[in-house]
Amino acid sequence: MRAIRWTKKHIVSLLAIILMGVLMILPTGYEDALIYQGTERVRAKVTETDESSVYNNGLIQSGEQYCKVEILDGEFKGENSSAVNMLSGSLESDKIFKVGDIANVVISHKNGEILSITMSDHYRIDKEAILALIFVALLVFFAGRKGFRAIYSFIITILTIWKILVPAYLGGMNPVWVAIGITTFLTLVIIWLVYGFDRKTLAASGGSMLGVLVTCVMGILFTDQFKIHGAVMAYSETLLYSGYQNLNLTQIFMSSIFFGASGAMMDLSVDITSAVYEVIQKKPEIGWKEAAQSGMNVGRAAMGTMTTTLLLAYSGGYIALLMVFMAQGTPIDQILNYKYVSAEILDTVVGSMGLVTVAPFTALVSGILLTRKKKDQVTIKES
């Protein structure tokens, strides 16, 4: 039987899979929330609808839509029952079901009997799974084996946010320190998945984290100067009304500034580190200053597109708001002074400042670490 030869790439992949497994089984502490006790969340097929209690007021609908449903999962699988779809008059949250739709429903039950069924939303998990499979297939097709590492980093990031970051915030831990810790962890893991056990990992991680620290300091400083309260974040008030009045929303907003920009900083630091490494490979006798200058030249070329990437990412979700401002003829000085607009400006500009600083940091760290490695190799060969 042929023995398996373990390479550094195999070891990195194995450790990544183990880390994913650990994060998957890690409890959040919020699995048994009181709101879901005595209920069951399952799929149901809509067989009949009744809109006689739905009131139309222009674009807005209110009242109740009554449905007959066939339960597809869980304890009451196969049973037919009545369900209600509550309409609040909000286009954002309301939904209307049609015959044949598959819905998520919440069944309240006691002693094996159904007390009530509430229509929650359309069932989308199967479509989301198809979309995810297409993404994975394209990634593996175009990136090959490196695509699997990208998938590992993607899954690890999602699990880390859900299993560690969010529970830590809900638990009342300092959001800024938690976000710094999580950002450091993810930066090391993701760049390690790119480079493996290498000085390039240290160089790229070091440059990226220096940029994150600059973004963190500037975000804290200007959040205070802008008089921004964390309630500007979507659903933050809902969080407070859910029994978490002790949370510091402003610190959570501060942490979101550098946490949200950390991915772009990682991207830029990896690009610069790879460029410096290639230069050193082609010209082994190069000094650290010249290598760092080459990295800086690459950083300058990438800065413009990366900062624009942040602008597009942050502003993309506010197109409707911008249309409202234009339709109402709101002066630009008033637009810029609104709290939620100022918050987005803070996000974009401070995040871009992190990108601007990560370029020289990464170029300098890469120049020093990677040329030192080359000199060490030359010394060994000569001896």
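A brief report on the enclosed structure follows. (Residues numbered from 1 in each chain as written. Predicted model: local features only at pLDDT ≥ 70, side-chain atom pairs only at ≥ 80, totals over all residues. Heavy atoms only, no water.)

1. Let's talk about the packing of helix α4 (residues 175-195) against helix α5 (residues 199-225)
Argument step 1. At a minimum axis distance of 9 Å, the contact between α4 and α5 shows a crossing angle of 155 degrees. Accordingly, the angle class assigned to the pair α4 and α5 is roughly antiparallel. Both α4 and α5 take part in a crossing whose hand is right-handed. The segment α4 lies against α5, with V176, I180, T183, T184, T187, L188, I191, W192 and Y195 engaging K200, T201, A204, S205, S208, M209, V212, C216 and I220.
Argument step 2. Considered class by class, the residues forming the contact of α4 with α5 number eleven nonpolar, six polar and one charged. (Axes fitted to C-alpha atoms, helices over the stretch in contact; angles between N-to-C directions. Helix = DSSP H or I, 4+ residues; strand = E, 2+ residues; numbered from the N terminus. Parallel < 35°, antiparallel > 145°, perpendicular 65-115°, else oblique. Left-handed = near helix turned anticlockwise from the far one by under 90°. Contact = heavy atoms within 4.5 Å. Nonpolar A, V, L, I, M, F, W, Y, C, P; charged D, E, K, R; others polar.)

2. Overview of the layout of surface pockets
Argument step 1. Each pocket or cavity is described by its volume, and for the largest pocket that value is around 1,100 Å³.
Argument step 2. What lines the largest pocket is a set of 41 residues, among which R149, I190, L193, V194 and Y195 lie closest to the centre.
Argument step 3. For the lining of the largest pocket, the secondary-structure elements that each account for two or more residues are α1 (8-25), α2 (125-143), α3 (145-170), α4 and α7 (249-282).
Argument step 4. Residue contributions to the lining of the largest pocket peak at twelve residues, all from α3.
Argument step 5. Of the residues belonging to the lining of the largest pocket, the class tally is 20 nonpolar, twelve polar and nine charged.
Argument step 6. Empty space within the second largest pocket amounts to approximately 620 Å³.
Argument step 7. Around the second largest pocket, the lining comprises 26 residues; the ones closest to its centre are Y169, M233, A234, I252 and S256.
Argument step 8. Per element, the largest residue contribution to the lining of the second largest pocket is seven residues, and it comes from α7.
Argument step 9. Grouping the amino acids of the lining of the second largest pocket by side-chain chemistry returns 19 nonpolar, five polar and two charged. (1 Å grid on protein atoms, 1.4 Å probe; cavity = no way out; pocket = protein on both sides within 12 Å on 5 of 7 lines; lining within 4 Å. Points joined across faces, edges and corners; volume = space filled by probe spheres on them.)

3. Digging into the nonpolar core
Argument step 1. Core analysis: the largest hydrophobic core is formed by 53 residues, its most contacted members being I156, L193, F258, L268 and L355.
Argument step 2. Those elements that place two or more of their residues in this core are α1, α3, α4, α5, α7, α8 (288-315) and α11 (339-382).
Argument step 3. The dominant element in this core, judged by the number of residues it contributes, is α7, at 14 residues.
Argument step 4. Core analysis: the second largest hydrophobic core is formed by 14 residues, V42, V46, V105 and I107 among them. (Core = buried A, V, L, I, M, F, W, Y, C linked by side-chain atoms within 4.5 Å. Buried < 20%, exposed > 50% of the residue type's maximum accessible area, 1.4 Å probe, protein only.)

4. Examining the packing of aromatic side chains
To describe a pair of aromatic rings, you give the distance between the ring centres and the angle between the ring planes.
Argument step 1. Scanning the model with the defined rule gives six aromatic pairs in all.
Argument step 2. Seen from their ring centres, W192 and F197 are 5.9 Å apart, and the 70 degrees between their planes marks the pair as edge-to-face.
Argument step 3. A residue is classified by how much of its surface remains accessible, and W192, at 14% relative accessible area, is buried.
Argument step 4. When its relative accessible area of 44% is taken as the criterion, F197 is described as partly exposed.
Argument step 5. Taken together, a centroid distance of 6.2 Å and an interplanar angle of 85 degrees make the contact between F222 and F226 edge-to-face.
Argument step 6. Residue F226 is classed as partly exposed on the basis of its relative accessible area of 35%.
Argument step 7. Every member of this aromatic cluster is reached through a ring pair, and the members are F325, Y338 and Y340.
Argument step 8. Over the aromatic face of Y123 sits the side chain of R43, whose NZ or CZ is 5.5 Å from the ring centroid.
Argument step 9. Residue placement shows K200 over the ring face of Y277; its charged tip is 4.0 Å from the ring centre. (Phe/Tyr/Trp six-rings, centres within 6.5 Å; stacked < 30°, edge-to-face > 60°. Lys NZ or Arg CZ within 6 Å of the ring centre and 35° of its normal.)

5. Focus: the packing of α3 against α4
Argument step 1. Closest axis-to-axis distance for the α3/α4 pair is 10 Å, and the angle between their directions is 165 degrees. By the angle between their axes, α3 is roughly antiparallel relative to α4. The crossing of α3 and α4 is right-handed. The residues of α4 that touch α3, namely those facing R149, Y152, S153, I156, T157, T160, I164, L165, A168 and Y169, are P175, V178, A179, I182, F185, L186, V189, I190, L193 and V194.
Argument step 2. Here the residues of the contact of α3 with α4 are counted per class, giving 16 nonpolar, three polar and one charged.

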